[in-house]
Structure formats: C-alpha cells, structure tokens
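Listed below, chain by chain, are the residues.
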Amino acid sequence: MSSPPVAPPGWSRWLVPPAALSVHLAIGQAYAWSVFKPPLESALNLSGTQSALPFQLAIVMLGLSAAFGGTLVERNGPRWAMTVALICFSSGFLISALGAETKQYWLIVLGYGFVGGIGLGIGYISPVSTLIKWFPDRPGMATGIAIMGFGGGALIASPWSAQMLSSFGSDNDGIALAFLVHGLSYAVFMTLGVLLIRVPRTEKPVADAPSAFEGVQVSAKSAIRTPQFWCLWVVLCMNVTAGIGILEKAAPMITDFFADSSTPVSASAAAGFVALLSAANMAGRIGWSSTSDLVGRKNIYRVYLGVGAVMYLLIALFGDSSKPLFILCALVILSFYGGGFATVPAYLKDLFGTYQVGAIHGRLLTAWSLAGVLGPLIVNWIADHQKGAGKHGADLYTLSFGIMIGLLVVGFVANELVRPVHARHHIPAPREAVDVEREQPA
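As recorded in an unreviewed UniProt entry, the protein goes by the name OFA family MFS transporter, listed as coming from Streptomyces sp. 900105755. Of the protein, the UniProt comment under Subcellular location (unreviewed entry) reads exactly: "Cell membrane".

This is the structure we're talking about:
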C-alpha cells in the first residue's frame, strides 16, 4: 500500500477498466437505495424525508471525502484508495445491519450515510486519474467505462435487494440480513479491483497516443481559483440535482404517478423501473462520454442540460397520462445524469490537464454533495407537504419538477460561460514521480 503498483512491461491498459469497474459496480449500489425506502418507512415508522437521510448523507460524504481525499489518492495511488473504499463501504453496511436489527435508525444513518459515504467518495475517484493517464487519446471513453459501473450498480443491486427483502422479509430483521449480505458480498467483489489495478510506467503508455502531459497543465490549488472550475461546479450541481431527484425516489414516484390509473404499478414493477433507470444511467455514462470525445465537452453538456429541461417539462405536463412517455423521459434524464458524471473528468482534463486532475475532480465533487441533499430534499419535502395538503398522484411532484427545470436552465447558462483557462494559471511541463519513466528491475 505504500506506493502505487506499477505495470510491468507489456501490461495491457485494457486490464485497468475492469479493475475500476469492480469497485464502481459495488459502490453504485447507492442508486438502489429507493428499494429500501418503503420497508424502512414501514418497519421503523419513518417519513419519506427521513428514509432518504442515509442516502443524502452518503452523497454528502462522497463529495467531502473526494474533495479532502483527492490529494491523498494522487499521492498514494489507486490501490490504496480502493482498499480504503472497500473497508469503509463494507463496514457501512455492517453497521447498518446492526442498526436495523436493533431498530436504531441513527446507526443506519451513521453506517450507510457517514462511514459508507466515505467509501463512496474515495472509491469513486480512485481510478479516474489512472484511467486518464492510461488513455490520453480517449479520456471520455476511458472514464466513461469505469464510471459506467457506478451508474450500473443499481442494475444489479435493485432486483437483488428486492429479492432478498422478499425472501428474508421486509421487517427490521429482514432488512438487517439484507444489509449484512450486501456488506460481505461487496467486500469480496471490490477485492478484485484492489488486486488488479496498476499505474503506467511512463507518461506515454501507448506508442501512437499523445503524452499524458501534453497541453495546458494547472495545479489543483490554482484550479479552484479559476472561474472555469466554479462554472463547472454549478453545471455538475444542477445536472446532478435534476437527475438524483428522480433516482432517489424512483420506486415510490412511479407508483404515485399511476396509483389512480386502471393499471397501477406493483412493487416488483417499481423495482424493475429502478433497474431500468440504472441501465439508462449506465448506458449514458459510456455512450454520452464517448460521444463527447467526438463533439466536444461543451456541446455534450448543452444536450444534457437543454434537452433534460425539455424532458422534465414533458413529464410535468403529460407524464401521468402515458406510462411509456413517463418512462422514456425518465430514462433520457437519467442517461444525461450519468453522462454528466462520466464526461466531467475529461472536461476537467481539457481545461486543466492531467496534472492533479484526480485532486481537481475530487474538489469538484463537492457539487455532488450539495446536489445529493438538494435533489431528494426538493422532491421528498414537497411531496410530503403536498400529501399533507390532500393532494395525490402526479400532483405531488408538479412543483418540484418545475424547480428542476429552472435548475437545469441555470446549469445551461453556466456551461456557456466556460472559457479556456488563463495562461497565468498554467504550470510549465509539470511532472510527478508516478508519471515519469520508472526504473524497475526486469
């Protein structure tokens, strides 16, 4: 753990994305939290706002741990980061299992939200800088492959969790056992990434690819002083808030929308909807981020934010009258949500270079912390109050969807303000010890 594991001569860079995927697929379970919301509300007598608290705190801690741990990840390397993520994320589930078993909800908040959230943050940024250095020719695709796993984690976790709750029971004992199985299983799965990850021997890992340090280079300390960083911070925050508002409450939301229709949505169908959203989230991460290598980062964010606002408008106006329209618009929004996450490391690389890009990315993820509170809070708080006012069905969400449209417009404007970084922030020909030619015994 004291130094990053260096790839031996002849090591294939295509072994690095699977290592990243093993970690991101595990921590991507966070997106299946909505499956646990109804059982927790029933077993522990919680409101929708209360049951969202572990997820919200986990996202807050994701951003904070990524921001404060980004420099440590750059210094200690991806294997150290993945090990820390494994310990924290799995321990969070074990603490939550104890909380569910003893009906101490604060332990679930502490375990899943605080401890597990630290694992989310460190695990999320653990492979990003390494992938960009392995794939300087295709940074959008490379980060998209890995971050795709985070979006796709719920594709596995959602039906898996629903099946466990069905088998073990949805009371506190069944929830506790489900948390326990999650913690132990993910520990084993994440170990694969810890064992497989490597960093490149040189700054030019592929003969016909550009150097990882070509172009503008800016330090993390200087980057946060630029308007470009804060414009991207707003862009990410608005895009994430809009997407996470649907994702965190996906299962109860689709049930509410069609509760009064002739074909109401069952609990199993709602879990399937969560899985579909996860698939769209995952596909958007690899599809849209790879597209950004061709059309440019700024143009792709115009699509995420502009078309995303139109999708929200269609749901608000017509969503309760057509299941296919509701599902299609939600899938598009979630694909943009995932694409925004996967594209932002490459956007940062374009603006600030690869030098300390992992640390810069970690600091930018504080936008996710705020969005992780704002999105669920807006949707859950408004829905709870609308329900208290006697409203039901789609009327629970009309106001919150209007707010989301406004936030996406703010993000669109912020993206338009992004310009190249001024030369006074550039660092001439920076080099890091982990990126220069390594002298290793044969």
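Asks: I'd like to hear about the pattern of salt bridges, residue by residue, with values.
Replies: Once the charged atoms of two side chains with opposite charge are near each other, the side chains can pair. Here the structure, examined in full by the defined rule, presents five salt bridges. In this structure, Arg302 engages Glu416 in a salt bridge whose closest nitrogen and oxygen atoms are separated by 2.6 Å. Within this pair, whereas Arg302 is found in helix α14 (residues 297-318), its partner Glu416 is found in helix α18 (residues 398-416), the two being separated by 114 residues in sequence. By sharing partners, the salt bridges in this structure join Asp293, Arg297 and Asp350 into a single network.

Asks: Kindly report on the confidence of the model for the protein, identifying the contributing residues and their values.
Replies: Parts of the model with low pLDDT should not have their predicted coordinates read in detail. Here the protein averages 85 in pLDDT, while 93% of its residues score no lower than 70. Taken as a whole, residues 432-442 scores under 50 in pLDDT and shows 25 contacts with residues more than four places along the chain or in a different chain.

Asks: Run through the packing of aromatic side chains, naming residues and quoting values.
Replies: Using the criterion set out here, one finds 30 aromatic pairs in the structure. Seen in terms of ring centroids, Trp33 and Phe36 are 5.9 Å apart; in terms of plane orientation they differ by 35°. Their pairing is tilted. There is no split in this pair, since Trp33 and Phe36 are both buried. Relative to Phe326, the ring of Phe258 lies with its centre 5.7 Å away and its plane at 85°, an arrangement referred to as edge-to-face. Taken as a pair, Phe258 in the loop between α12 (250-257) and α13 (267-295) and Phe326 in helix α15 (residues 323-352) lie far apart in primary sequence, 68 residues in all. Comparing Phe258 with Phe326, the two get one shared label, buried. An aromatic cluster of at least three residues, connected via ring pairs, comprises Trp33, Phe36, Phe89, Phe93, Tyr112, Trp160, Phe179 and Tyr186. A cation over an aromatic ring shows up here: Lys323 above the ring of Phe258, its NZ or CZ 5.6 Å from the ring centre.

The rules behind each value
- Counting restarts for each chain: residues are numbered from 1 in the order of the written sequence.
- pLDDT decides what is reported in this predicted model: residues at 70 or higher carry local features, side-chain atom pairs at 80 or more are listed and counted, and totals for whole chains, interfaces and linings draw on all residues regardless.
- For side-chain calculations, the full set of non-hydrogen atoms in the structure is used, while hydrogens and water are omitted.
- UniProt positions are given in the numbering used here, feature names are shortened, and annotations may be inferred rather than shown by experiment.
- When a carboxyl oxygen of Asp or Glu lies within 4 Å of a side-chain nitrogen of Lys or Arg, that pair is called a salt bridge.
- By definition, any uninterrupted DSSP run of H or I lasting at least four residues is a helix, any uninterrupted run of E lasting at least two residues is a strand, and each is numbered from the N terminus.
- As a per-residue measure, pLDDT reflects the predictor's confidence and takes values from 0 up to 100.
- Only heavy atoms matter for contacts: two residues are in contact if any of them lie within 4.5 Å across the pair.
- Aromatic rings from Phe, Tyr and Trp, taking only the six-membered ring of Trp, are treated as a pair when their centres fall within 6.5 Å; an angle between ring planes under 30 degrees marks them as stacked, one over 60 as edge-to-face, and anything in between as tilted.
- Note on exposure labels: buried denotes an accessible area under 20% of the residue type's maximum, exposed denotes more than 50%, and partly exposed covers the range between, all computed with a 1.4 Å probe on protein chains only.
- Only when the NZ atom of a Lys or the CZ atom of an Arg is both within 6 Å of the ring centre and within 35 degrees of the ring normal do we say a charge sits over the ring.

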